[in-house]
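These are the residues of each chain, in order.
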Amino acid sequence: MLASIPVMACPLLWTLVLLKVFAADCQVLVQPRIVGGYAPSPNSVKYIVSLQTSKGQHFCGGSLVHKYWVLTAAHCNMGVDQMMIVAGDYALGLYEGTEQYFKPHSLIPHPLYNKTTNNADIMLIKLRAPIDQNRYVSLAPLPRQNTGVLPGRVCRVSGWGSTSHSGGEIPPTLHTVKLPIVSTAKCNSSESFSGNITSNMICAGYSTGGKDACKGDSGGPLVCDGRVYGLVSWGNGCGDARFPGVYTAVSRFRRWIDQTIYSSFTRCYKH
Ligand SMILES: *[C@@H]1O[C@H](CO)[C@@H](O)[C@H](O)[C@H]1NC(C)=O
Ligand SMILES: *[C@@H]1O[C@H](CO)[C@@H](O)[C@H](O)[C@H]1NC(C)=O
Ligand SMILES: *[C@@H]1O[C@H](CO)[C@@H](O)[C@H](O)[C@H]1NC(C)=O
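These figures come from a predicted structure and were not determined experimentally. (Residues numbered from 1 in each chain as written. Chains lettered and ligands numbered in written order. Predicted model: local features only at pLDDT ≥ 70, side-chain atom pairs only at ≥ 80, totals over all residues. Heavy atoms only, no water.)

A.B. asks: Break down the overall build of the chain for me, citing the residues and quoting the values.
C.D. replies: Counting its regular elements, the chain contains 3 helices and 14 strands. Evaluated residue by residue, the chain yields a buried proportion of 54% over its 271 residues. For the chain, restricting intrachain contacts to residue pairs at least 6 apart in sequence, the fraction spanning at least 24 positions comes to 71%. In the form shown here, the chain has an accessible surface area of approximately 11800 Å², with 54% of it arising from carbon and sulfur atoms. (Helix = DSSP H or I, 4+ residues; strand = E, 2+ residues; numbered from the N terminus. Buried < 20%, exposed > 50% of the residue type's maximum accessible area, 1.4 Å probe, protein only. Contact = heavy atoms within 4.5 Å. Areas by Shrake-Rupley, 256 points an atom, 1.4 Å probe, with all protein chains shown as cover.)

A.B. asks: Explain the pattern of salt bridges to me, using residue names and the numbers behind them.
C.D. replies: All told, the structure shown has 2 salt bridges when counted by the stated rule. Between Asp225 and Arg153 there is a salt bridge, and its shortest N-O distance comes to 2.4 Å. Highlighted residues: Asp225 in the loop between β12 (221–224) and β13 (227–235) and Arg153 in the loop between β8 (123–127) and β9 (154–159), separated in sequence by 72 residues. You can call Arg153 partly exposed: its relative accessible area is 34%. The salt bridge partner of Arg254 is Asp258, with a shortest N-O separation of 3.2 Å. Highlighted residues: Arg254 and Asp258, both in helix α3 (residues 254–270), separated by 4 residues, approximately one helical turn. (Salt bridge = Lys/Arg side-chain N within 4 Å of Asp/Glu carboxyl O.)

A.B. asks: Which residues make up the packing of aromatic side chains, and what values do they have?
C.D. replies: Tallied over the entire structure, the rule returns 2 aromatic pairs. Between Phe193 and Phe243, the ring centres sit 5.0 Å apart and the planes meet at 55°, which makes this aromatic pair tilted. Here Phe193 is found in the loop between α2 (184–187) and β11 (201–204), whereas its partner Phe243 is found in the loop between β13 and β14 (245–249), with 50 residues between them in sequence. Across this residue pair, the class does not change: Phe193 and Phe243 are buried. (Phe/Tyr/Trp six-rings, centres within 6.5 Å; stacked < 30°, edge-to-face > 60°.)

A.B. asks: Got a sec to walk through the site of ligand 3? Specific residues and values, please.
C.D. replies: Taken together, the neighbourhood of ligand 3 is formed by Thr184, Asn188, Gly195, Ile197, Thr198 and Ser199. Measuring from an oxygen atom of ligand 3, one finds a side-chain N or O atom of Asn188 at 2.4 Å. Contacts to ligand 3 include Ile197, whose backbone N or O atom sits 2.7 Å from a nitrogen atom. Protein contact buries 39% of the 360 Å² of open area that ligand 3 shows by itself. (Near = heavy atom within 4 Å. Polar contact = N/O pair within 3.5 Å; in protein donor to acceptor, adjacent residues only side chain to side chain.)

A.B. asks: Help me get a handle on the side chain of Thr176, residues and values and all.
C.D. replies: With respect to the helices, strands and loops of the structure, Thr176 is situated in strand β10 (residues 175–182). In terms of polar contacts, Thr176 uses its side chain to reach the backbone carbonyl oxygen of Val157, at 3.2 Å.

A.B. asks: Quick one: what's the story with the sheet that holds strand β4 (residues 69–72), residue by residue and with numbers?
C.D. replies: Taken in spatial order, the 7 strands line up as β6-β5-β2-β3-β4-β8-β7 in an open sheet, and their pairing is antiparallel. On the outer flanks of this sheet lie β6 (100–102) and β7 (104–109), each paired with one strand and no other. Averaged over all neighbouring strand pairs, the angle between strand axes comes to 30°, with direction disregarded. Examined bridge by bridge, strand β5 (residues 83–87) and β6 share 3 bridges and lie antiparallel to one another. Considered in β6, the bridge of Val86 is made with Tyr101. (Pairing = 2+ DSSP bridges. Axes fitted to C-alpha atoms, helices over the stretch in contact; angles between N-to-C directions.)

A.B. asks: How would you summarise the nonpolar core if you had to cite specific residues and measurements?
C.D. replies: Judged by nonpolar contacts, the single largest core of 23 residues is most densely connected at Leu71, Leu124 and Ile257. For this core, the elements supplying multiple residues, two or more each, are β4, β13 and α3. Ranked by residues supplied to this core, first place goes to α3 with 3 residues. The next biggest cluster of nonpolar side chains, apart from the first, holds 19 residues, and it includes Ala87, Phe102, Met123 and Leu127. (Core = buried A, V, L, I, M, F, W, Y, C linked by side-chain atoms within 4.5 Å.)

A.B. asks: Just give me the short version of unusual backbone geometry, but keep the residues and values in it.
C.D. replies: The residue Asn43 is not glycine, and still its phi comes out positive at about 60°. By the element assignment, Asn43 lies in the loop between α1 (16–26) and β2 (48–53). Here the phi dihedral of Ala120 falls at roughly 55°; this positive angle occurs in a residue that is not glycine. When you line up the elements, Ala120 lands in the loop between β7 and β8. Here Ala120 falls in the buried class, since its relative accessible area comes to 1%.

A.B. asks: Before we move on, could you go through the state of the cysteines and cite the residues and values that matter?
C.D. replies: This model, assessed by the stated rule, comprises 4 disulfides. A sulfur-sulfur distance of 2.1 Å marks the disulfide that ties Cys60 to Cys76. Here Cys60 and Cys76 share a disulfide; its torsion about the S-S bond, -85°, makes the bridge left-handed. A residue pair is termed long-range when its members are at least 10 positions apart, and Cys60 in strand β3 (residues 58–66) and Cys76 in the loop between β4 and β5 qualify at 16 residues. Grouping residues by exposure puts Cys60 and Cys76 together as buried. Once the disulfide-bonded cysteines of the chain are ranked by sequence position, their pairing pattern turns out to be 1-2, 3-7, 4-5, 6-8. (Disulfide = S-S within 2.5 Å.)

This is the structure in structure tokens:
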């Protein structure tokens, strides 16, 4: 499955196990974190979660959108038994007393997700227990169905990128970077992704490159005007001037998100 990922469509997933495969197949420059960003103050991005393997290895980001639900990218689907969700975290690998740990109850990737084209790269994770909203953990507002975000608007993407450093190194804290939205026309042009951008994607980055999301930031939030408009999805390298980062356009899926969460609760009440 992983070996079939085309050169230009590298999902921004990163586990140490998969690293070699992605590095070889996607020819990406491996960067440990958000490229060109900075560490925000602790717990300032209260809705971001770290998706980890059952062994505590970070591999993707996500956003809390309901006390029982996390929104992430479909390519972060590692199987329900292999995943753990950590809310309220800042420095991965350090216990700070603000973390909340959850096992997933179920994973719901979008039915139209296509791992060849990366279209509809979005997934909801239902938690087994509700999150406790507090000073460190809260919910992310989402955009309304089909609302766009104009090119040039500056948004902010956050993520951890990597966890496992050899002993003695400072644990990676959350990183964040501000990026302008790039028009679909430009991103889909022959100078850039040449026709591989669908209406379910948005692009963000500087025409000079240098700032971007990267491996391990997948599924994490691109926030514009306080709402999660994008999920880190794919790209070609990190911070390349020709290739901005490609994000799942969350506003295209707002109805699906609401319906999935709502129908799940209707089912719960009926049984
Ligand atoms: C994914 O998209 C490709 C290219 O459009 C198409 O050939 C393929 O059938 C799609 N796969 C699925 C599972 O829809
Ligand atoms: C577009 O996608 C096709 C098929 O996945 C791939 O062969 C091609 O290299 C991609 N081009 C760009 C610029 O992303
Ligand atoms: C991107 O370009 C391809 C090929 O020209 C086209 O089929 C597709 O609709 C374009 N995407 C968008 C969002 O306009």
